[in-house]
Amino acid sequence: MRKELVRFGLYGCNLYRTKQLMDAAAKCAPIRIAVTACHDIDRGKVDAMAKAHNATAYYDLESFLKADYDVALISLPPLLHPDAFDACAGAGRDIYLEKPICVDDAGEEKIIRAARKYKPVCYVGMSYKYVAPYKKALELRHRPDAGKLLGFYMHGFGANKGVIPEGMEDNWRFCFEKSAGDLNNHGSHYFHFIRLMCGEPLSVMAMGYTSSNYQPSFDEEELNACFRLKEGIAVLQESRRAHQSNVVGHCNLENMAIVFNWSSHSEVKVYKDRPRAADEVYEFADSYMTPDTENYTFLQMKDFLTAYTTEAPMPITISDGIQSYRILKAVRESYKTRHEVLIPPPEIF
Ligand SMILES: NC(=O)c1ccc[n+]([C@@H]2O[C@H](COP(=O)([O-])OP(=O)(O)OC[C@H]3O[C@@H](n4cnc5c(N)ncnc54)[C@H](O)[C@@H]3O)[C@@H](O)[C@H]2O)c1
């Protein structure tokens, strides 16, 4: 066992994601955790988080980096992730890094260089494999009776109606330089999930469309990306015109078809022998209605902490984070050039 007690230093004390993750970590018995150090540029947030955890507040980065903790939880506007990763890894910390891990090639390079130089234990917070319907779809797709994968289709949600909400103009989600757009922010989850369901995509042919009055103008209002797999094809469709707020997917295998959706009525159905009637049906409550120890944030944190304390390989790695970014780049290059673009195989750093 690496540690009986895992001490976290919070780099970014946002009261949303960081709070969710730390609340979940506190419920991961028998693993014990403590938050010992907090840092953010917003003093009010540092103070609130430090008070909640009886931790020390650090208002400057230098002293935060020297403080006493094992894992730096980096959860910042994505533009800042590479510098934060470099600084924390350089200070000898292990790292839980939120997605997306970078927004441009300079950030990608910085992360790879720091990963190679400092070799931190690092987990990347892409979440879909822990979300109930996706978790079930993954389990079914890899069941021995499923057979070989033939085709995959997933439709992403389009909650954004094309107008930046009032007061959110400066939020990193609506600034290309800080996020690289929603196809990086949410896309990092999608691309990781497609790899887990289908294996490594070899290339992509994509079509992107954004109408002239759509906000933010850099986001894909409509995207169709067709990934060539070793065997079969995977299609990702993102549509802001779908007027839905859910994700639906089909996975066709030799011996079954899996239909899944994540929405207010999340379910997974397996079709085998009964035309128009499912052979297996799984239903899931909305994640905010599920017990604390079943929601995806808890499962994700538990997975990380279990691997961390037992010195097992990290369930989601820097290579996975980088691969999501590389797939994003290939998708955008494809629809800009109108060519099929090869996707390099993942590298281990
Ligand atoms: N895995 C998931 O399901 C999931 C869900 C939500 C958010 N996230 C990720 O978590 C990260 C944070 O998202 P959020 O919505 O909580 O963002 P946020 O904007 O609410 O919080 C970012 C925090 O960083 C702080 N900050 C900004 N600049 C800083 C600097 N230079 N130094 C120190 N602190 C600084 C801000 O004050 C703020 O507290 C993002 O990468 C996002 O993609 C992941």
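Bear in mind that the values here come from a model prediction, so they are computed numbers and not experimental data.

Criteria and cut-off values
Per-chain numbering applies: the sequence of each chain, read as written, is numbered from 1 onward. Local features are withheld for residues below a pLDDT of 70 in this predicted model, meaning they are given only at 70 or higher, and side-chain atom pairs are given and counted only at 80 or more; totals for whole chains, interfaces and linings count all residues. Think of it this way: any DSSP run of H or I at least four residues long counts as a helix, any run of E at least two long counts as a strand, and we number them from the N terminus. It is over C-alpha atoms that the radius of gyration is taken, and the globule rule equals 2.2 Å times the number of residues to the power 0.38. Burial in this document is a count-based property: other C-beta atoms within 10 Å of a residue's C-beta are tallied, and the residue is buried at 20 or more, exposed at 12 or fewer, or partly exposed in between, with C-beta positions derived from the backbone. For every residue pair, C-beta atoms are placed from the backbone, and the pair is scored as a contact if these atoms sit within 7 Å. Those domain boundaries reflect an automatic or database domain assignment. Each residue gets one of three labels, nonpolar for Ala, Val, Leu, Ile, Met, Phe, Trp, Tyr, Cys and Pro, charged for Asp, Glu, Lys and Arg, and polar for the others, Gly among them. A pair of strands is labelled paired if DSSP reports no fewer than 2 bridges between them. Angles here are taken between N-to-C directions and fall from 0 to 180 degrees, while the axes themselves are lines fitted to C-alpha atoms, restricted in helices to the stretch in contact. Nonpolar cores are built from buried Ala, Val, Leu, Ile, Met, Phe, Trp, Tyr and Cys residues. These are joined into a set through C-beta atoms within 7 Å. Roughly parallel covers angles under 35 degrees, roughly antiparallel covers those over 145, roughly perpendicular covers 65 to 115, and oblique covers all other angles. Take the far helix as the reference: if the near one is turned anticlockwise from it by less than a right angle, the crossing is left-handed, and if turned clockwise, right-handed. Note on handedness: a crossover is taken as right-handed if, strands pointing away from the viewer, the path from the first strand over the helix to the second is clockwise.

**Section: the overall build of the protein chain**
Here comes step 1: Per the secondary structure count, the protein chain includes 11 helices and 15 strands.
Here comes step 2: In summary, the protein chain has a C-alpha radius of gyration of 20 Å against a globular reference of 20 Å for 349 residues, a match within 12%.
Here comes step 3: C-alpha extents for the protein chain along the principal axes are approximately 60 × 45 × 40 Å.
Here comes step 4: Here the protein chain, with 349 residues, has 41% of them falling under the buried criterion.
Here comes step 5: Taking as baseline every contact in the protein chain between residues at least 6 positions apart, the subset at least 24 positions apart corresponds to 69%.

**Notes on the environment of Ala114**
Here comes step 1: Looking at the secondary structure, you find Ala114 in helix H5 (residues 105-118).
Here comes step 2: Under the C-beta neighbour-count criterion, Ala114 is labelled buried, with 23 such atoms within 10 Å.
Here comes step 3: Residues within four places of Ala114 in sequence aside, it is in contact with Phe85, Asp86, Ala89 and Gly90.

**As for the domain arrangement of the protein chain**
Here comes step 1: Each domain of the protein chain was delimited in the assignment, giving domain 1 (5-124) and domain 2 (128-290 + 317-342).
Here comes step 2: A C-alpha centroid distance of 28 Å is found between domain 1 and domain 2.
Here comes step 3: Each side of the interface is counted separately: domain 1 has 16 residues, and domain 2 has 16 residues.
Here comes step 4: Every element with two or more residues in the side of domain 1 that touches domain 2 is listed here: H5 and strand S6 (122-124).
Here comes step 5: Ranked by residue count, the leading element in the side of domain 1 that touches domain 2 is H5, at four residues.
Here comes step 6: Partitioned by chemical class, the residues of the side of domain 1 that touches domain 2 number 13 nonpolar, no polar and three charged.

**A short note on the sheet that holds strand S3 (residues 56-58)**
Here comes step 1: Pairing in this open sheet of six strands is parallel, and the strands run S3-S2-S1-S4-S5-S6 from one edge to the other. This sheet does not close on itself; its edge strands, each paired only once, are S3 and S6. When strand polarity is set aside, the average angle formed by the axes of neighbouring strands in this sheet is 25°.
Here comes step 2: As judged from the four bridges shared by strand S4 (residues 71-74) and strand S5 (residues 94-97), these two strands associate in the parallel manner. Within the sheet, the bridge partner assigned to Leu73 lies in S5 and is Tyr96.

**Remarks on the nonpolar core**
Here comes step 1: One finds Cys38, Ile74, Ile95 and Ile194 to be the most contacted residues of the largest nonpolar core, which totals 94 residues.
Here comes step 2: Considering every element that reaches this core, the biggest residue donor is helix H11 (residues 318-337), with seven residues.
Here comes step 3: Beyond its immediate chain neighbours, meaning those up to four positions away, Ile194 contacts Met154, Pro201, Phe227, Ala234 and Leu236.

**Some thoughts on the packing of helix H4 (residues 81-90) against H5**
Here comes step 1: At their nearest, the axes of H4 and H5 sit 8 Å apart, and the two run at 10° to each other. Between H4 and H5, the angle is such that the two are roughly parallel. H4 and H5 meet at a crossing whose hand is left-handed. Contacts between H4 and H5 involve His81, Pro82, Phe85, Asp86, Ala89 and Gly90 from the former and Gly107, Lys110, Ile111, Ala114 and Tyr118 from the latter.
Here comes step 2: Residues of the contact of H4 with H5, tallied by class, amount to six nonpolar, three polar and two charged.

**Digging into the pairing of S4**
Here comes step 1: Side chains of S4 alternate between two faces, with Val71 and Leu73 and Ala72 and Ile74 buried alike.
Here comes step 2: Of the strand pairs in this sheet, strand S1 (residues 5-11) and S4 are connected by four bridges, and their pairing is parallel. Note on S4: the bridge partner recorded for Tyr11 is Ile74.
Here comes step 3: Where the polypeptide runs from S4 across H4 and back to S5, its parallel neighbour, the crossover connection is right-handed.

**Some remarks on the sheet that holds strand S14 (residues 280-284)**
Here comes step 1: Pairing in this open sheet of nine strands is mixed, and the strands run S14-S13-S12-S11-S7-S10-S9-S8-S15 from one edge to the other. The outermost strands of the open sheet, each flanked by one partner alone, are S14 and strand S15 (341-342).
Here comes step 2: Where strand S7 (residues 149-156) meets strand S10 (residues 233-239), six bridges bridge the pair, whose relative direction is parallel. If you follow Phe152 over to S10, its bridge partner there is Ala234.

**Notes on the pairing of strand S13 (residues 266-271)**
Here comes step 1: Side chains Ser266, Val268 and Val270 project from S13 onto a buried face, and the interleaved Glu267, Lys269 and Tyr271 project onto a face without burial.
Here comes step 2: Note that strand S12 (residues 257-262) and S13 share five bridges and pair antiparallel. Bridged to Phe260 within S13 is Val268.
Here comes step 3: Where S13 and S14 come together, five bridges link them in antiparallel fashion.

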